[in-house]
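Topology and contacts: notes
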Amino acid sequence: MIKEFKITNPEKIIYPNQKIKKIDVINYYLEVSAQMLPHIKERLLSVIRCHDGIDGERFFKKHVANDREVEAFNYNGKEFFYIKNQRQLLYQAQMGTIEFHPWGSKVKKINCPDVMVFDLDPDEDLSLNQLRDAVLCVKSVLDALSLKSYLKTSGGKGYHILVPFKKSSNWDSFYNFSKNIAQILEGKWQTLFTTNVRKAERKNKIFVDYLRNASGATCVAPYSLRAKDGAFISMPISWDSLHKVAPNEVNILNYKKYLNDSWRDYFITRQKIN
Ligand code: ATP
Ligand code: MN
């Protein structure tokens, strides 16, 4: 199956409660590689590695270090890494990578971000219905700006709304644009949203995390597994499924029935920030 490199410890348990093994993780990434790769290839990556499963020690890795099958990239005097094909994706899984977190720009245009993210982080007391209403508020503001947006589960507590751009000028204007949108949300629905990063200010509210849109920030990739109990996946879903699919519903055992083509236009949008 994967002829190019040896898979070590395929039977090692990664998710103890689901009895998911390392080989299951590798096979999962093999199966979604065609859909996932366009979202992560040629973007600098931070990855989360759990060599001994999700209950063991974990590493947040963003440098080449001892990896063989990666591409090195120098940015502002620091060395980062990216991958460019299926083989390199699977090599990451062989090396123990569970989560993939790409930058909002591609290495060829490292200073021109092209994926804007609104990460909705609900306070723990907030109901799922309130969260879903908030997601639709974000969509309505983006719709009013004629910006097409795409929805995914986070595989955790919230939803992520992505806005792909064909072109953008630079990180500062990109970031400021996302901040303006977050502030519009906060101004329009004051009881629902906050842009305040302080946890104490989030009581019964949703933190609109626009900080993902700064240079060097990341967001978990579409189709990435999460390194926590449940083996959840950050899954692209249609806007119509928002009320049907919970943030931590799709996982490595059930994902096939959730695969869909609602993001088919994602890579052909020609949106720009005016
Ligand atoms: P949830 O829905 O549970 O919030 P999430 O993936 O949105 O899941 P967050 O904690 O809100 O998790 O973080 C949002 C994103 O910020 C992550 O996907 C990750 O890419 C990035 N991130 C979070 N924590 C760190 C960290 N310590 N260092 C670097 N990046 C981080
Ligand atoms: Mn979040």
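Note: the structure precedes this text.
Section: the coordination of the manganese ion (ligand 2)
Within the protein, Asp119 (OD), Asp119 (OD) and Asp121 (OD) serve as the donor atoms for the manganese ion (ligand 2), at 2.0 to 2.6 Å. Residue class for aspartate 121 comes out partly exposed when judged on its relative accessible area of 25%.

Here's the deal with the pattern of salt bridges
Under the criterion given, the structure shown has 17 salt bridges. Here glutamate 99 makes a salt bridge to arginine 226, at a shortest N to O gap of 3.2 Å. Residue glutamate 99 is found in strand β7 (residues 97-102), and its partner arginine 226 is found in the loop between β12 (206-209) and β13 (236-237); the two are separated by 127 residues along the sequence. Linking lysine 148 and aspartate 265 is a salt bridge whose minimum nitrogen-to-oxygen distance equals 3.0 Å. One end of the pair, lysine 148, is in the loop between α3 (128-144) and β9 (150-153); the other, aspartate 265, is in the segment after β13, and 117 residues separate them in sequence. When its relative accessible area of 38% is taken as the criterion, lysine 148 is described as partly exposed. Taken together, the shared-partner salt bridges connect Arg43, Lys106 and Asp114 into one network.

Observations concerning the sheet that holds strand β3 (residues 45-49)
Here three strands make up an open sheet; going across it, the order is β4-β3-β7 and the pairing antiparallel. Of all strands in the sheet, those bounded by a partner on one side alone are β4 (59-61) and β7. Within this sheet the neighbouring strands show an average axis-to-axis angle of 20 degrees, counted without direction. Bridge count between β3 and β4: three bridges; the pairing is antiparallel. The residue of β4 that forms the bridge with isoleucine 48 is phenylalanine 60. On the sheet, helix α1 (residues 22-40) packs against β3 and β7 and is oriented at approximately 5 degrees with respect to β7. Contacts from helix α2 (residues 86-94) reach β3 and β7, with the element oriented near 130 degrees to β7.

Examining the site of ligand 1
Within the structure, ligand 1 sits among 14 residues, and His101, Ser154, Gly158, His160 and Arg226 are positioned closest to it. Here an oxygen atom of ligand 1 sits 2.5 Å away from a polar atom, N or O, in the side chain of histidine 101. Note that an oxygen atom of ligand 1 is positioned 2.7 Å from one of the side-chain N or O atoms of histidine 160. Split into classes, the residues belonging to the shell around ligand 1 amount to three nonpolar, six polar and five charged.

Looking at the packing of α1 against α2
With their axes 9 Å apart at the nearest point, α1 and α2 run at an angle of 140 degrees to one another. Along this stretch, α1 crosses α2, giving a crossing that reads as right-handed. The segment α1 lies against α2, with Lys22, Ile26, Tyr29, Leu30, Ser33, Leu37 and Ile40 engaging Gln86, Leu89, Leu90, Ala93 and Gln94. By residue class, the composition of the contact of α1 with α2 is eight nonpolar, three polar and one charged.

A look at the side chain of histidine 101
Examined against the element boundaries, histidine 101 turns out to sit in strand β7. Engagement of the side chain of histidine 101 in a polar contact is seen with the side chain of glutamate 99, the distance being 2.7 Å. For histidine 101, the residues in contact, after removing those within four places along its chain, are Leu44, Leu45, Ser46, Ile48, Thr218, Cys219, Val220, Ala221 and Arg226.

Some words on helix α4 (residues 171-188)
Along an α-helix, residues three or four positions apart point the same way, because every turn accommodates 3.6 residues. Taking 1.5 Å of rise per residue, 18 residues should cover 26 Å, and α4 covers 26 Å from first to last C-alpha, within 8% of that figure. Those residues of α4 that fall on the buried side of the exposure criterion are Trp171, Phe174, Phe177, Ser178, Ile181, Ala182 and Leu185. Axial view of α4: buried residues confined to an arc of 140 degrees, hence all on one face. Structurally, α4 contributes buried residues whose contacts are with β5 (71-75), β8 (115-122), α3, β11 (193-194) and β12.

Thresholds applied
- Residues numbered from 1 in each chain as written.
- Chains lettered and ligands numbered in written order.
- Predicted model: local features only at pLDDT ≥ 70, side-chain atom pairs only at ≥ 80, totals over all residues.
- Heavy atoms only, no water.
- Donors = N, O, S within 2.8 Å, 3.2 Å for Na, K, Ca; no water.
- Buried < 20%, exposed > 50% of the residue type's maximum accessible area, 1.4 Å probe, protein only.
- Salt bridge = Lys/Arg side-chain N within 4 Å of Asp/Glu carboxyl O.
- Helix = DSSP H or I, 4+ residues; strand = E, 2+ residues; numbered from the N terminus.
- Pairing = 2+ DSSP bridges.
- Axes fitted to C-alpha atoms, helices over the stretch in contact; angles between N-to-C directions.
- Contact = heavy atoms within 4.5 Å.
- Near = heavy atom within 4 Å.
- Polar contact = N/O pair within 3.5 Å; in protein donor to acceptor, adjacent residues only side chain to side chain.
- Nonpolar A, V, L, I, M, F, W, Y, C, P; charged D, E, K, R; others polar.
- Left-handed = near helix turned anticlockwise from the far one by under 90°.
- Expected span 1.5 Å × (residues − 1).
- Arc of directions from axis to C-beta.

Taken by themselves, the reported measurements are silent on function.
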